[in-house]
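The residues making up each chain are set out below.
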Amino acid sequence: MRIQRKVVTLLLILICAILQGTLFKALSIGSISPNLLLILTISFGFMRGKKNGIWIGFCCGLLKDLLSDGLLGFYALVYLCIGYAAGCCCKLFYDEELRVPIILTAAGDLVYGGLVYGMQYLMRGRVQFYYYFGRIIIPEMIYTVLMTVLLYRLLFNINKRLTELEMKERDSIWLRK
């Protein structure tokens, strides 16, 4: 059953990357689009724990690295750290509550935007932080949080279904040793 969880997670990562690169680029508002890979990383890190947050974050970040032109491994490291931070909240709060993933997504997007600014703009000598913060980071955070409100329940139900299937398989009398 763990293979089924990995396959479903990989499909979700691919679907989010494709939607983020195609449909949501077309639906962008002022060249700002939601970060679906970040939503996926934070949601599964929050629901499944640190280890899954790290691996899903690394896979999402590596896929974003491969699809973008830039430093290979930068996004993988950023998403990995954000997935770990979301996974730290796994045992502290209930999965069903929507407020915690929204707060985690807002904080994660702020960290993501700050790191992207620091590595891609500040290192090149562009020091207009307040402009970047007001025109890019905050609108992207708001758009991503609004998409989290819509997508978290779907991701929660997928995770719940996979967990129930794993529990049924674990409790099966045919698989006991």
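Residues numbered from 1 in each chain as written. Predicted model: local features only at pLDDT ≥ 70, side-chain atom pairs only at ≥ 80, totals over all residues. Heavy atoms only, no water.

### Notes on helix 3 (residues 36–48)
Every α-helix carries 3.6 residues per turn, so stepping three or four residues along brings you back to the same face. Formally: Under the scheme used here, helices are H or I runs from DSSP no shorter than 4 residues and strands are E runs no shorter than 2 residues, and both carry numbers assigned from the N terminus. A helix is expected to reach a length of 1.5 Å times the quantity of its residues less one. When accessible area is computed with a 1.4 Å probe and restricted to protein chains, residues below 20% of their type maximum are described as buried, those above 50% as exposed, and intermediate ones as partly exposed. Should any heavy atoms of two residues lie within 4.5 Å, those residues are counted as being in contact.
Relative to the 18 Å expected for 13 residues at 1.5 Å per residue, helix 3 spans 18 Å between its end C-alpha atoms, a close match to the ideal helical length. When you tally the buried positions in helix 3, you get 12 out of 13 residues, the bulk of the element. Restricting attention to buried positions, one finds in helix 3 the residues Leu36, Leu37, Leu38, Ile39, Leu40, Thr41, Ile42, Ser43, Phe44, Gly45, Phe46 and Met47. Residues of helix 3 that are buried sit in contact with helix 1 (2–21), helix 2 (23–26), helix 4 (50–67), helix 5 (74–87), helix 6 (99–121) and helix 7 (129–170). A positive phi of about 115° marks Gly49, the residue just after helix 3.

### Focus on the side chain of Arg5
Tracing the backbone through its elements, the reader meets Arg5 in helix 1. For Arg5, the contacting residues outside a window of four places in its chain are Arg48, Asn159, Leu162, Thr163 and Glu166.

### A look at the UniProt feature "transmembrane region" (unreviewed entry) in the protein chain
Put simply, the rule reads: UniProt positions are given in the numbering used here, feature names are shortened, and annotations may be inferred rather than shown by experiment.
The UniProt feature table records "transmembrane region" (unreviewed entry) at residues 72–94, 101–123 and 129–152. The distance separating the terminal C-alpha atoms of residues 101–123 is 31 Å; by composition the span is 91% helix and 0% strand. The span residues 129–152 is 100% helix and 0% strand, and its two end C-alpha atoms sit 31 Å from each other.

### Quick look at helix 7
To be explicit about the condition: Think of it this way: the bend at a residue is just the angle between two axes, each fitted to seven residues, one set ending at that residue and the other starting at it.
A rise of 1.5 Å per residue sets the reference length of helix 7, with its 42 residues, at 62 Å; its end C-alpha atoms lie only 52 Å apart and thus fall more than 12% short of the reference. Remark: the principal bend of helix 7, roughly 40°, maps to Leu151.

### Topic: unusual backbone geometry
The phi angle of most residues is negative, glycine excepted, and most peptide bonds adopt the trans form. We note that Ser31 has phi near 60°; this positive angle belongs to a residue other than glycine. Turning to its location among the elements, Ser31 is positioned in the loop between helix 2 and helix 3. Ser31 sits in the exposed class, given a relative accessible area of 64%.

### Let's talk about the packing of helix 1 against helix 3
For the record, the criterion: An axis is simply a line fitted to the C-alpha atoms; with a helix, the fit covers only the stretch in contact. Between two such axes, the angle follows the N-to-C directions and lies from 0 to 180 degrees. Here the word oblique covers every angle except those under 35 degrees (roughly parallel), over 145 (roughly antiparallel) and from 65 to 115 (roughly perpendicular). All amino acids are sorted into three groups, where Ala, Val, Leu, Ile, Met, Phe, Trp, Tyr, Cys and Pro are nonpolar, Asp, Glu, Lys and Arg are charged, and the leftover types, Gly among them, are polar.
Running from N to C, helix 1 and helix 3 point in directions that differ by 155°, and their axes come no closer than 8 Å. As far as their axial angle goes, helix 3 and helix 1 are roughly antiparallel. Touching Arg5, Leu12, Ile13, Cys16, Ala17, Leu19 and Gln20 of helix 1 are Leu36, Leu37, Leu40, Phe44 and Arg48, all from helix 3. Class assignment of the residues belonging to the contact of helix 1 with helix 3 gives a composition of 9 nonpolar, 1 polar and 2 charged.

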